[in-house]
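Coordinate analysis (summary)
The primary structure of each chain is shown beneath.
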Amino acid sequence: MSNESHHHHDGRRVEDQRLITGAGKYTSDWSAPRQLYGHFLRADRAHAEIVSVDTAKAAAFPGVKGVFTGEDAVRAGYVRAPHTMGFPGKNGMKARAPARPVLAHQRVRFVGEAVALVVAESAAVAQDAAELIEIEYRDLPSVTDPEGALAADAPQLSDEVPGNLALESEAGDEQAVETAFAGAAHITRAKVISTRVAPNPMEPRACLVAYDPATESYRIHSPMQGVTTLRSQLSSYTKVPAEKLIFEVRDVGGGFGQRSSAYPEYAALMIASKALGQPVKWVSTRTDGILTDTHGRNMIAYGQLALDNDGKFLAMRLDWIVDLGAYLSPGAQGHVRNTTNCMTGVYQIPALYASYKIPITNTTPIGAYRGAGRPDIAYAIESLVNQAAAELNLDPAELRRRNFIPLEAFPYTSPTGGKYEIADMPGVLKQALLLADWDGFEARRAKSKAAGKLRGIGISTVIENTGAGNAPTDEVEIQLDGTGTVTAFMVAKAQGHGHETTFGSIVAKALQIPLERVKIVQCEPGTKLIGNGTGGSRSTIGAGSVCHLAAVKLIEEGKALTALELNLEPSQIEYANGEFRSSESDRVVKLADLAKEQTLSFMAEGKFGSTYPNGCHIAEVEVDPDTGRSEVVSYCAVDDIGVVINHSIAEGQLHGGVVQGAGQVFGEQMVYDSETGQPLTASFMDYYMPRAGLIPGIRGEEHATTSTVSPLGVKGVGESGCTASIPVLVGAVINAVRPLGIRHLDMPLTPARVWQAISAAAR
Ligand code: MCN
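Let me begin by describing the structure that accompanies this report. Please read all numbers here as calculations on a predicted model, not as lab measurements. (Residues numbered from 1 in each chain as written. Predicted model: local features only at pLDDT ≥ 70, side-chain atom pairs only at ≥ 80, totals over all residues. Heavy atoms only, no water.)

Assigned secondary structure in the protein consists of 20 helices and 30 strands. Taken over the C-alpha trace, the protein has a radius of gyration of 27 Å; the compact-globule value for 763 residues is 27 Å, and the two agree within 12%. Projected onto its principal axes, the C-alpha positions of the protein cover 85 × 75 × 55 Å. Across the 763 residues of the protein, 60% fall into the buried class. Intrachain contacts of the protein at a sequence separation of at least 6 include 81% that bridge at least 24 residues. Roughly 29100 Å² of accessible area belongs to the protein as shown, and the carbon and sulfur atoms make up 50% of that amount. If you average the places of the 70 positive and of the 86 negative side-chain charges in the protein, the two averages end up 1 Å apart. (Helix = DSSP H or I, 4+ residues; strand = E, 2+ residues; numbered from the N terminus. Rg over C-alpha atoms; globule rule 2.2 N^0.38 Å. Buried < 20%, exposed > 50% of the residue type's maximum accessible area, 1.4 Å probe, protein only. Contact = heavy atoms within 4.5 Å. Areas by Shrake-Rupley, 256 points an atom, 1.4 Å probe, with all protein chains shown as cover. Lys, Arg positive; Asp, Glu negative; His and termini not counted. Charge placed at Lys NZ, Arg CZ, Asp CG, Glu CD.)

Here it is in structure tokens:
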């Protein structure tokens, strides 16, 4: 986002010196006196009855302190995973969730499910001993494909979930859509699949639990995205009161949605630490993580878009199949609900209807993953729009222009109840077309062709909801001490987002003091504060805004204290640059003076609704017809993220999101063998990760409209890149090969897949 305001006031990320010099403290950097080490034995099959588990040899192995199984989990009552599927079902249906003991009991339902926990003096001993556990399984047929799971003859995962259907739901007005389709001049149809991906944050999942019998409390170190939700989920899983679960976390190496959930491993470690009277630490391997960190996406949409003779959208219908994996994860709902919120995209579509079939399968449970449903709905709509433009031989930019929600229609309530604040789509589009030199594309295509390459251009115009969390409120406490240092406490949790810089600068700006005098502390152990976790790109709207409110409160209360001291009225006191003064007095009261007797505390809270960041991305690719390899040769992004706190951090967030989307487009995918249910991509040997060179320098610009949702005027940015980049990159590749007669390609657009499509088209 290189506009002029970009260069002067950003400053470096204050956390980076620590994070890039190895001075960060991640979960496995914590150790507790007398700590033991855990290793989880995991199911090596997708679906089976557990006939027997014999732990005798493992328990007798030198150095082993304890072996725990599903029996222990059932005895502890840790059997009902919390889930959020409160999404209203069709005809009053409620979500059906299979029980999930924290260690598998009687049945395993996916490869990787934890069956036993071995605790020993070292991690290596625990791992060796786990090999001695003898489990007799009776194999059951498995199903890993969500459409297959809904078939009448599909293997059944759970008596509690008849037909493997966890929930059936709908949104919008089916009748209105049918009427509109009956009168339409043209109907575009497409099956759009948002593939299953593994989140793969840099820091592997890990957990250290120390039980304290004196207070019956558990001290827990684990990578997380915020304490409030995680603590209440773990409490509901274990029935241990939330105040007895004390989290202590310093740095977190990436999250992407996956860290917001309570995992069964954490609860199993609680059982072990309590039983053995010693702390127990577990660090996952990369393969553990790929198998058991909640996966993302895996949504299939059968989409239909009806248009009139002028290319105006009349109606859209989406029939979704949304896989949840073997169990309902705590984060199961978010991505389903988000597809309804932004179901119109940026377009005026008078009639909308979506149906949802939400099955369980013999696969890793699914949770929120960067964008959580918003990339999926954007991909579905944008694919339909691009395909409609191609079928009608219209410029896809022009088709969009005809159908945008006009500026004067904001605030806009979508047919499914999304309340869009403001988005200047015609303006965003115009700016992006110029930036990308849209009109010069045919000349560039001809040039590529002369060099033997197929050039394609893609465009996406997207909007998404950010903000509005589940916590009742976001609280921030600011403490002012006798050195004049201001410390802001909150329960959002950065995982690489630069909150120490951005939230620090929000406080510093409000107080007109240097950033060096502000400290940001997130999720202090035992904190009483509540608030939303860092997810849904809501931290700046929520915790960030409340940082501002708390600083304003400090100024107001500081004026009252100064007035007392100077024998004046608060209205006679002015504040600037860390100093209180009055025209009635020649004394100056500094921030440090206020707190010289004792540290002062200022509390603020706020609850904010959704903001709607939006943007237009345009990318160009060159496809090599001989190898099927796509190279991204240009990437332009014009985004409206409201007021920007720190331009280089916002730009970094956008880049990260774009490349994460590109990873899904070009290679990332969790693949299961349909016969055996075995995952085929459970290590980096087989699971593709995007590299830095995948996307060339992104040319970005801002097109800001100020949000009125929060006092800062900001909109979220943490996920926007992902939402926009998936449709734009897929669209660009399809555009490149369309002259060969190829109309559709499914992700991932690996060289092999594209080459096969090109070869088939040539026959
Ligand atoms: N920001 C800004 N101006 C704005 C909006 C944001 O300067 N108008 C800054 C913020 O102050 C913050 C960063 O940009 O430092 C992201 O802010 P925001 O959009 O509020 O999002 P969150 O902080 O709530 O982050 C969550 C979001 C999500 S949901 C995922 S998933 C994701 C993402 O952030 N996971 C990430 N970005 C990630 N970045 C890193 N490094 N690691 C992850 O796991």
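The next subject is the sheet that holds strand 8 (residues 186-197). One open sheet accounts for 5 strands, arranged 7-15-14-13-8; its pairing is mixed. Of all strands in the sheet, those with a lone pairing partner are strand 7 (165-172) and strand 8, marking the two edges. Taking each pair of neighbouring strands and ignoring which way they run, the sheet shows an average axis angle of 10°. For strand 14 (residues 313-322) and strand 15 (residues 351-359), the ladder comprises 7 bridges, and the chain directions are parallel. Each bridged residue has a counterpart across the sheet, and for Arg317 the counterpart in strand 15 is Tyr353. (Pairing = 2+ DSSP bridges. Axes fitted to C-alpha atoms, helices over the stretch in contact; angles between N-to-C directions.)

Take the packing of helix 15 (residues 499-511) against helix 16 (residues 540-566) next. Here helix 15 crosses helix 16 at 30°, and the two axes come no closer than 9 Å. As far as their axial angle goes, helix 16 and helix 15 are roughly parallel. For the pair helix 15 and helix 16, the crossing hand works out as right-handed. Facing Phe503, Ile506, Val507, Ala510 and Leu511 of helix 15, the residues of helix 16 in contact are Thr540, Ala543, Gly544, Cys547, His548, Ala551, Leu554 and Ile555. Classifying every residue of the contact of helix 15 with helix 16 by side-chain character gives 10 nonpolar, 3 polar and no charged. (Parallel < 35°, antiparallel > 145°, perpendicular 65-115°, else oblique. Left-handed = near helix turned anticlockwise from the far one by under 90°. Nonpolar A, V, L, I, M, F, W, Y, C, P; charged D, E, K, R; others polar.)

Quick look at the pattern of salt bridges now. Taken as a whole and judged by the stated rule, the model has 34 salt bridges. Between Arg80 and Glu160 there is a salt bridge, and its shortest N-O distance comes to 2.3 Å. Of this pair, Arg80 sits in the loop between helix 3 (70-76) and strand 4 (107-108) while Glu160 sits in the loop between helix 5 (146-149) and strand 7, and the two are 80 residues apart along the sequence. A residue is classified by how much of its surface remains accessible, and Arg80, at 38% relative accessible area, is partly exposed. Here Glu160 falls in the partly exposed class, since its relative accessible area comes to 36%. Across the salt bridge formed by Glu398 and Arg401, the nearest N and O atoms sit 2.7 Å from each other. Here Arg401 and Glu398 lie together in helix 12 (residues 396-403), a separation of 3 residues that amounts to about one turn. (Salt bridge = Lys/Arg side-chain N within 4 Å of Asp/Glu carboxyl O.)

What follows concerns the state of the cysteines. Enumeration over the complete set of coordinates arrives at 0 disulfides. Considering cysteine sulfurs only, Cys722 is the nearest to Cys342, which forms no disulfide, with 15 Å between them. Here Cys342 falls in the buried class, since its relative accessible area comes to 2%. (Disulfide = S-S within 2.5 Å.)

For the rest of this paragraph, the subject is unusual backbone geometry. Note that the residue after Phe410, namely Pro411, is joined by a cis bond; omega there is -5°. Within the fold, Pro411 resides in the loop between helix 12 and strand 16 (412-413). Residue Met747 is joined to Pro748 through a cis peptide bond whose omega torsion reads -5°. Checked against the element boundaries, Pro748 lands in the loop between helix 19 (720-737) and helix 20 (751-762). At Gln106, a residue that is not glycine, the phi angle is positive and equals roughly 70°. Along the chain, Gln106 falls in the loop between helix 3 and strand 4. Classification of Gln106 as exposed rests on a relative accessible area of 53%.

Bear in mind that shape data such as this cannot, by itself, settle questions of function.
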